[in-house]
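Survey of secondary and tertiary structure
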Amino acid sequence: MKFSISREALLRPLSLVAGVVERRQTLPVLSNVLLIAGGDGLALTGTDLEVELIGHAELDSLEAAGSTTVPARKLMDICRSLPEGAMISLALEEGRAVLRSGRSRFTLSTLPAAEFPNIEQSKHDAELTLPRGVLKRLIDATGFAMAQQDVRYYLNGMLFELVSGVVRVVATDGHRLAVSESSAGVEFDGSQKLILPRKGVLELGRLLDDSDAPITLVLGPNHLRARTGGYVFTSKLIDGKFPDYERVVPKGGDKKIIAERSELRQMLSRTAILSNEKYRGVRLYLEEGNLRVQANNPEQEEAEENVTVDYQGASLEIGFNVGYLVDVLNVIGTDRVLITLSDANSSALLEAVFEGDQETPATLGSKYVVMPMRL
Amino acid sequence: MRKILHADCDCFYAAVEMRDDPSLRDIPIAIGGRPEQRGVVATCNYPARRFGVHSAMSSAQALRLCPQLRLLPPDFERYRQVSAEIMAIFQQLTDRIEPLSLDEAFLDISGIERFKGSGTWMAEWLKARTREVTGITISVGVAPNKFLAKIASDWRKPDGLYVITPDQVDAFVSAMPVGKLPGVGPATAARLERMGIADCQALRQRPIAELIDHFGKFGRRLYELSRGIDEREVKTHRERKSVSVETTFDRDIDDQQARCTALAPLVERLAERLDRHGAPSIGKLFVKVRFDDFTSTTLESGGLAPKLDNFVTLFDQAWQRGQRPIRLLGVGVRLADAALERQLVLFEELWDPR
């Protein structure tokens with residue numbers, strides 16, 4: 001194997017692929033990236049056995065086709081620190097990978113390409129195409145609510161529900177829940193449910209941008225494969241039953257508040273400074289036309305803020321983890337937000353308020369459910 | 001300016017034994033488990049220390065160094081009684097006491113007017129009173145903060161008294177080798193050495209940014225400690241964070257024995273201990289396994305009840321990490337945070353009912 005390639009052509013696919021590689025590996029070959037040089041360019045593969053990403057780069061010239069694996073992070077760090085516009089040549093010499101650029105030379109260890117594991121290709125049941133931007137907005141709108149290392153392993157990921165032309169995603173950590181859906185540009189018939197693990201969601205998100213370029217999702221019984229812009233992404237799925245989220249989306253809360261989103265977000269973030277660092281509880285006092293928020297910490301420091309809101313009805317005092325509220329206000333895309341409450345022990349529902357011409361085909365329908373804290 | 005006193009009993013368990021049996025006074029003794037049960041030395045007296053015996057050493061090793069060593073089994077009930085008497089004496093001086101163990105405590109003596117407010121006189125009174133009432137000698141350090149008070153109590157051990165006044169702090173700290181700083185063990189000391197830092201004088205020359213770069217959050221603490229700064233308060237009550245039991249086997253056992261015979265009595269003892277602590281609510285379960293090569297692993301999981309089959313499941317996973325004969329086995333629970341319990345949950349049915 002011997003080829004040359006410009007630093008810029010190599011760097012972006014290499015850093016995306018290296019992102020999949022875990023720092024701590026049980027199997028040495030898993031900290032490597034698989035390089036296959038051939039007539040149609042360079043293919044790069046990184047895997048942690050759960051998520052696999054194949055990237056593609058154009059070569060400047062190919063002297064000898066071939067394949068090998070080299071340490072992913074070291075290769076990336078070397079490329080990143082070479083000067084802009086550098087030309088890189090890489091050759092396999094006596095079992096080592098020799099990288100040359102200008103007056104620099106690096107000799108990297110290799111492991112045979114044959115040892116590199118690939119995620120078994122399973123039969124596929126369905127295929128779905130949608131704009132990259134739509135998928136990105138869905139993931140951005142809900143990803144923050146995924147659980148992390150929860151024993152209820154099926155919460156450590158995102159539920160994808162595909163029903164005739166609609167993609168719905170759901171994430172929850174058991175304290176709060178985010179659900180978002182879109183039908184914009186979704187080509188799909190049939191119905192399918194799958195749970196993509198947390199790492200798969202995060203890595204898939206890194207491949208996406210706001211463009212309308214299509215991404216194709218191939219759905220199998222145990223895998224999801226995504227193809228877009230020269231990348232092939234494969235992730236194992238979580239085999240488990242996602243809880244019935246529709247049941248916990250509250251219906252019939254009688255206290256409806258409309259607030260300016262960014263004003264509310266800023267005042268909550270300020271109040272959070274003096275909340276208990278660990279539990280982050282704040283008290284909300286709702287009365288006609290006004291919302292007062294109060295926080296204090298073990299040092300007896302105190303914060304109090306008031307904000308004008310559009311609300312008529314009975315007063316209510318309710319506590320929340322302020323982080324959960326701020327997370328939602330960060331991703332709601334509209335100027336105003338609708339909050340529906342019923343009592344101090346029942347969940348809050350937060351939704352975007354679309355006004356006039358804001359509603360476009362790309363609009364997401366999102367709902368956020370946050371459970372309170374007992375005060 | 002705060003005034004902190006650190007009191008530390010001199011070889012406490014051994015001192016209690018020698019008090020109750022004066023014939024032990026001048027011969028080397030150690031308190032600990034039998035060598036054939038793989039015991040370790042908990043405490044030893046000064047005659048034993050002259051042979052190189054020290055605490056945490058295996059009893060077998062201690063007997064090799066000092067064949068005439070008298071090895072006594074610990075009698076925690078008696079030590080607890082003596083400890084309570086000593087703490088009661090401390091209590092006469094101040095109620096701002098943070099006990100660190102049976103034989104060691106911090107006292108916040110800032111603003112105390114007795115003894116004309118003199119830390120030295122208070123320390124002298126504590127030492128005399130403790131000896132008079134309990135027959136135990138203590139070493140005392142007085143300083144403007146906890147870290148220096150603890151170093152001071154060690155300075156003239158045994159039966160020591162050392163005071164670091166605020167205007168002595170600077171000179172005292174700057175001459176101190178970095179290994180004396182709390183949190184700096186052999187590994188950190190070696191890293192500092194490689195950076196050309198052997199004492200606090202050298203440590204002070206380094207900018208805080210560099211220390212944070214090398215040591216993360218601990219870098220800030222090093223920066224402060226090297227200047228004699230330690231803002232930690234004397235904490236009068238401590239929250240219990242976990243309850244656990246463990247046992248070292250006379251002979252290594254295999255995974256099958258652990259699963260079938262060893263875990264059940266441990267889980268039973270844990271249940272008793274939990275009852276004694278008023279059946280607190282449980283956050284996570286954990287098992288601890290130490291293998292015959294002394295590597296240890298701990299595995300924990302939330303949302304489970306402290307029942308035998310759950311511990312067996314955890315054990316199976318922990319065992320996979322070493323797959324060697326087992327030397328020690330422990331089971332325990334991390335207690336739930338009272339405040340976290342206040343967060344209400346979606347999907348009630350997904351939480352393990354207890």
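A closer look at the overall build of chain B
Scanning chain B from N- to C-terminus turns up 13 helices and 12 strands. The buried share of chain B, reckoned over its 354 residues, is 44%. Look at the contacts in chain B between residues 6 or more apart in sequence, and 62% of them connect residues 24 or more apart. A total of about 18,200 Å² of accessible surface is found on chain B, and carbon and sulfur atoms cover 50% of it.

Focus on the sheet that holds strand β6 (residues 104-108) of chain B
Residues and elements named next belong to chain B. As summarised here, the arrangement of the five strands in space is β5-β6-β1-β7-β8, forming an open sheet in which the pairing is mixed. Edge positions in the open sheet fall to β5 (97-101) and β8 (161-163), since each of these has one partner strand only. Adjacent strand axes in the sheet meet at a mean angle of 15°, parallel and antiparallel pairs treated alike. By the bridge criterion, four bridges tie β5 to β6 in an arrangement that is antiparallel. Across the sheet, residue Pro99 finds its bridge partner in β6, namely Ala105.

What about the layout of surface pockets?
All names here are of chain B. Here the second largest pocket defines a volume of roughly 930 Å³. Contributing to the lining of the second largest pocket are 26 residues, with Gly33, Val40, Pro74, Phe76 and Thr248 lying nearest its centre. Only β3 (41-44), α4 (76-93), β9 (242-253), β10 (282-291) and β12 (326-335) provide two or more residues apiece to the lining of the second largest pocket. In terms of residue count, β9 provides more of the lining of the second largest pocket than any other element does, four residues in total. Here the lining of the second largest pocket is composed, by residue class, of 12 nonpolar, seven polar and seven charged.

Here we look at the environment of A:Met76
By the element assignment, A:Met76 lies in helix α2 (residues 72-81). Sequence spacing of A:Met76 and A:Arg12 is 64 residues, and the spatial spacing of their C-alpha atoms is 9.6 Å.

Examining the packing of helix α12 (residues 255-276) of chain B against helix α13 (residues 308-322) of chain B
All names here are of chain B. Two numbers describe how α12 lies on α13: the axes approach to 10 Å, and their chain directions differ by 135°. As far as their axial angle goes, α13 and α12 are oblique. Judged by the sense of rotation from one axis to the other, the crossing of α12 with α13 is right-handed. Residues Asp255, Ala258, Arg259, Leu263, Ala264, Val267 and Leu270 of α12 form the contact with α13, whose own contacting residues are Leu308, Phe311, Val312, Phe315, Asp316 and Trp319. In terms of residue class, the contact of α12 with α13 is made up of 10 nonpolar, no polar and three charged.

Observations concerning the packing of aromatic side chains
This structure, assessed with the given rule, holds 12 aromatic pairs over all chains. Here a set of aromatic residues connected by ring pairs shows up, and it is made of B:Phe12, B:Tyr13, B:Phe76 and B:Tyr79. For A:Arg292, the ring lying beneath its charged end belongs to A:Tyr285, and the centroid distance is 4.2 Å. Stacked on the ring of B:Phe286, the Lys or Arg B:Arg334 has its end atom at 4.1 Å from the ring centre.

Conventions and cut-offs
Residues numbered from 1 in each chain as written. Chains lettered and ligands numbered in written order. Predicted model: local features only at pLDDT ≥ 70, side-chain atom pairs only at ≥ 80, totals over all residues. Heavy atoms only, no water. Helix = DSSP H or I, 4+ residues; strand = E, 2+ residues; numbered from the N terminus. Buried < 20%, exposed > 50% of the residue type's maximum accessible area, 1.4 Å probe, protein only. Contact = heavy atoms within 4.5 Å. Areas by Shrake-Rupley, 256 points an atom, 1.4 Å probe, with all protein chains shown as cover. Pairing = 2+ DSSP bridges. Axes fitted to C-alpha atoms, helices over the stretch in contact; angles between N-to-C directions. 1 Å grid on protein atoms, 1.4 Å probe; cavity = no way out; pocket = protein on both sides within 12 Å on 5 of 7 lines; lining within 4 Å. Points joined across faces, edges and corners; volume = space filled by probe spheres on them. Nonpolar A, V, L, I, M, F, W, Y, C, P; charged D, E, K, R; others polar. Parallel < 35°, antiparallel > 145°, perpendicular 65-115°, else oblique. Left-handed = near helix turned anticlockwise from the far one by under 90°. Phe/Tyr/Trp six-rings, centres within 6.5 Å; stacked < 30°, edge-to-face > 60°. Lys NZ or Arg CZ within 6 Å of the ring centre and 35° of its normal.

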